[in-house]
Amino acid sequence: QVQLVESGGGSVQPGGSLRLSCAASGFTFRTSTMKWYRQAPEKERELVASIGSAGGSTNYADSVKGRFTISRDNAKNTVYLQMNSLKPEDTAVYYCNTERWTGIRWYDGYWGQGTQVTVSS
């Protein structure tokens, strides 16, 4: 059974840093694209970052580019999100995600439980 378990969230002051972790199991992690999403209150869910199976292909939302870094350790079946220079608008629940195959197409079908990040003075 696919499982994604996020950790590392918490409260931090503006300008601070956090590193989120997502422990994955139940699928072939090393061949899977991994993603981080976030959702703030009253906001749509937003794709924050993605990383390809080899680790060389990464993409970021414009709002976090230059501040966040996604990485993975295939030996540990873990994906990370290093968040620097945090802003109050980064406050959200952050979710780990991987794609699911329907038989016709891939979609972002597997989700973790989420971890809360709060940035405030």
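Residues numbered from 1 in each chain as written. Predicted model: local features only at pLDDT ≥ 70, side-chain atom pairs only at ≥ 80, totals over all residues. Heavy atoms only, no water.

Q: Just give me the short version of the pairing of strand S5 (residues 46-51), but keep the residues and values in it.
A: Relative to S5, strand S4 (residues 34-39) is paired through five bridges, and the arrangement is antiparallel. For Trp36, the partnering residue across the bridge sits in S5 and is Ala49. Between the end of S4 and the start of S5, which pair antiparallel, lie six residues, with Glu42 showing a positive phi angle near 65°. Here three bridges tie S5 to strand S6 (residues 58-60), and the two strands are oriented antiparallel to one another. Counted as the bridge partner of Ile51 is Thr58 from S6. Linkage of S5 to S6, two consecutive antiparallel strands, is achieved through a turn of six residues, within which Gly55 is found at a positive phi near 90°. (Pairing = 2+ DSSP bridges. Helix = DSSP H or I, 4+ residues; strand = E, 2+ residues; numbered from the N terminus.)

Q: Which residues make up the packing of aromatic side chains, and what values go with them?
A: Counted by the stated rule, this structure contains four aromatic pairs. Between Phe27 and Phe29, the aromatic rings sit 6.3 Å apart at their centres with planes inclined by 50°, giving tilted as the arrangement. Between Trp101 and Trp106, the aromatic rings sit 5.3 Å apart at their centres with planes inclined by 50°, giving tilted as the arrangement. By relative accessible area, which is 53% here, Trp106 ends up exposed. Following the ring pairs from residue to residue traces out a cluster consisting of Tyr37, Tyr95 and Trp111. Stacked on the ring of Tyr37, the Lys or Arg Arg45 has its end atom at 5.6 Å from the ring centre. Sitting above the plane of the Phe29 ring, Arg72 keeps its charged end 4.4 Å from the centroid. (Phe/Tyr/Trp six-rings, centres within 6.5 Å; stacked < 30°, edge-to-face > 60°. Buried < 20%, exposed > 50% of the residue type's maximum accessible area, 1.4 Å probe, protein only. Lys NZ or Arg CZ within 6 Å of the ring centre and 35° of its normal.)

Q: Which residues make up unusual backbone geometry, and what are the values?
A: Look at Glu42: it is not a glycine, yet its phi comes out positive at around 65°. Mapped onto the elements, Glu42 comes out in the loop between S4 and S5. The phi dihedral of Asn77 falls on the positive side, at around 50°, and the residue is not glycine. Mapped onto the fold, Asn77 is located in the loop between strand S7 (68-73) and strand S8 (78-83). Residue Asn77 is classed as partly exposed on the basis of its relative accessible area of 27%.

Q: So what about the pattern of salt bridges? Which residues, and what values?
A: Summed over all chains, the structure comprises six salt bridges. Between Glu46 and Arg38 there is a salt bridge, with the nearest N and O atoms lying 2.9 Å from each other. Since its relative accessible area comes to 27%, Glu46 is described here as partly exposed. When the shortest N-O distance is used, the salt bridge between Asp62 and Lys65 registers 3.3 Å. Note on Lys65: relative accessible area 52%, which makes it exposed. (Salt bridge = Lys/Arg side-chain N within 4 Å of Asp/Glu carboxyl O.)

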